[in-house]
Amino acid sequence: GAGVSQTPSNKVTEKGKYVELRCDPISGHTALYWYRQSLGQGPEFLIYFQGTGAADDSGLPNDRFFAVRPEGSVSTLKIQRTERGDSAVYLCASSSGQVSYNEQFFGPGTRLTVL
Amino acid sequence: TQLLEQSPQFLSIQEGENLTVYCNSSSVFSSLQWYRQEPGEGPVLLVTVVTGGEVKKLKRLTFQFGDARKDSSLHITAAQPGDTGLYLCAGLLGGSEKLVFGKGTKLTVNP
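Residues numbered from 1 in each chain as written. Chains lettered and ligands numbered in written order. Predicted model: local features only at pLDDT ≥ 70, side-chain atom pairs only at ≥ 80, totals over all residues. Heavy atoms only, no water.

1. Details of the packing of aromatic side chains
- The tally for this structure, following the rule as stated, stands at 9 aromatic pairs over all chains.
- Summarising the aromatic geometry, the rings of Phe106 of chain A and Tyr35 of chain B are spaced 5.4 Å apart at their centres and angled 90° between planes, so their arrangement reads as edge-to-face. Remark: Tyr35 of chain B occurs in strand 4 (residues 29-37) and Phe106 of chain A occurs in strand 10 (residues 105-106); the pair is interchain, linking two chains.
- Of the residues examined, Phe106 of chain A reaches a relative accessible area of 11% and is grouped as buried. (Phe/Tyr/Trp six-rings, centres within 6.5 Å; stacked < 30°, edge-to-face > 60°. Helix = DSSP H or I, 4+ residues; strand = E, 2+ residues; numbered from the N terminus. Buried < 20%, exposed > 50% of the residue type's maximum accessible area, 1.4 Å probe, protein only.)

Laid out in structure tokens, this is it:
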């Protein structure tokens, strides 16, 4: 079956603009995660959805970042008033939510560049 | 402060050599996962270890979870150029659903 997909694969924007990043999880996976990976670093947790609700948004850096998952499948990460420091690869992962040790499957990421 | 410390950060070896990558923490994890990531792609799950002292083998890769569930190691036997990539360890703290990642070990295996 299809894995996690993310669009766009690359996004270049100007400082101050608004961007939306989309994630399509593996079909049937109830849990969805967003991470951010800066150059030379491991992924850093942003937000976790169980179904439609954000179960843990403690990793969102500030109120310019927001994510939704209205129907419990596709999710959109929204960044307002982008800053150069937002440049990174944004990764999405999903899991079935049915095993206690939570194996997560990642998409290829969206590389965001803020000029 | 990094919750999971990986070492070495970079490793360049010749084909056929053995290597070990370490992942250490002062925190106890309910489970620990190892991922491999190639440029332009997302991390791919290699293995999950959940029991202290557990050893798992995946072909030439051997993964060990420390008895106290605070550390883990990845050993590769007879490395091949296809093993080249970024190896990431990631742990789940008890009661949490979010993975905490190390910075990764960038492995290059030269033919």
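2. Side note on the sheet that holds strand 8 (residues 71-76) of chain B
Residues and elements named next belong to chain B.
- The sheet built from 5 strands is open, its strands ordered 1-3-8-7-6 with antiparallel pairing. Each edge of the open sheet carries a strand with a single partner, namely strand 1 (5-7) and strand 6 (55-58). Adjacent strand axes in the sheet meet at a mean angle of 15°, parallel and antiparallel pairs treated alike.
- The sheet contact formed by strand 1 and strand 3 (residues 19-24) spans 3 bridges and is antiparallel. Residue pairing across strands places Ser7 opposite Tyr22, the latter belonging to strand 3. (Pairing = 2+ DSSP bridges. Axes fitted to C-alpha atoms, helices over the stretch in contact; angles between N-to-C directions.)

3. Topic: the interface of chain A and chain B
- Contacts between the two partners involve 20 residues from chain A, matched on the other side by 20 residues from chain B.
- On inspection of chain A and its partner chain B, the count reaches 1 salt bridge.
- Measuring nitrogen to oxygen at the nearest pair gives 4.0 Å for the salt bridge that ties Asp56 of chain A to Lys98 of chain B.
- Our enumeration of links across chain A and chain B arrives at 6 residue pairs in polar contact (both at pLDDT 80 or more).
- When contributions to the side of chain A that touches chain B are tallied by element, the ones reaching two or more residues are strand 4 (31-37) and strand 5 (44-50) of chain A.
- Residue contributions to the side of chain A that touches chain B peak at 3 residues, all from strand 4 of chain A.
- The residue makeup of the side of chain A that touches chain B, split by class, is 9 nonpolar, 9 polar and 2 charged. (Contact = heavy atoms within 4.5 Å. Salt bridge = Lys/Arg side-chain N within 4 Å of Asp/Glu carboxyl O. Polar contact = N/O pair within 3.5 Å; in protein donor to acceptor, adjacent residues only side chain to side chain. Nonpolar A, V, L, I, M, F, W, Y, C, P; charged D, E, K, R; others polar.)

Purely geometric numbers; function is a separate question.
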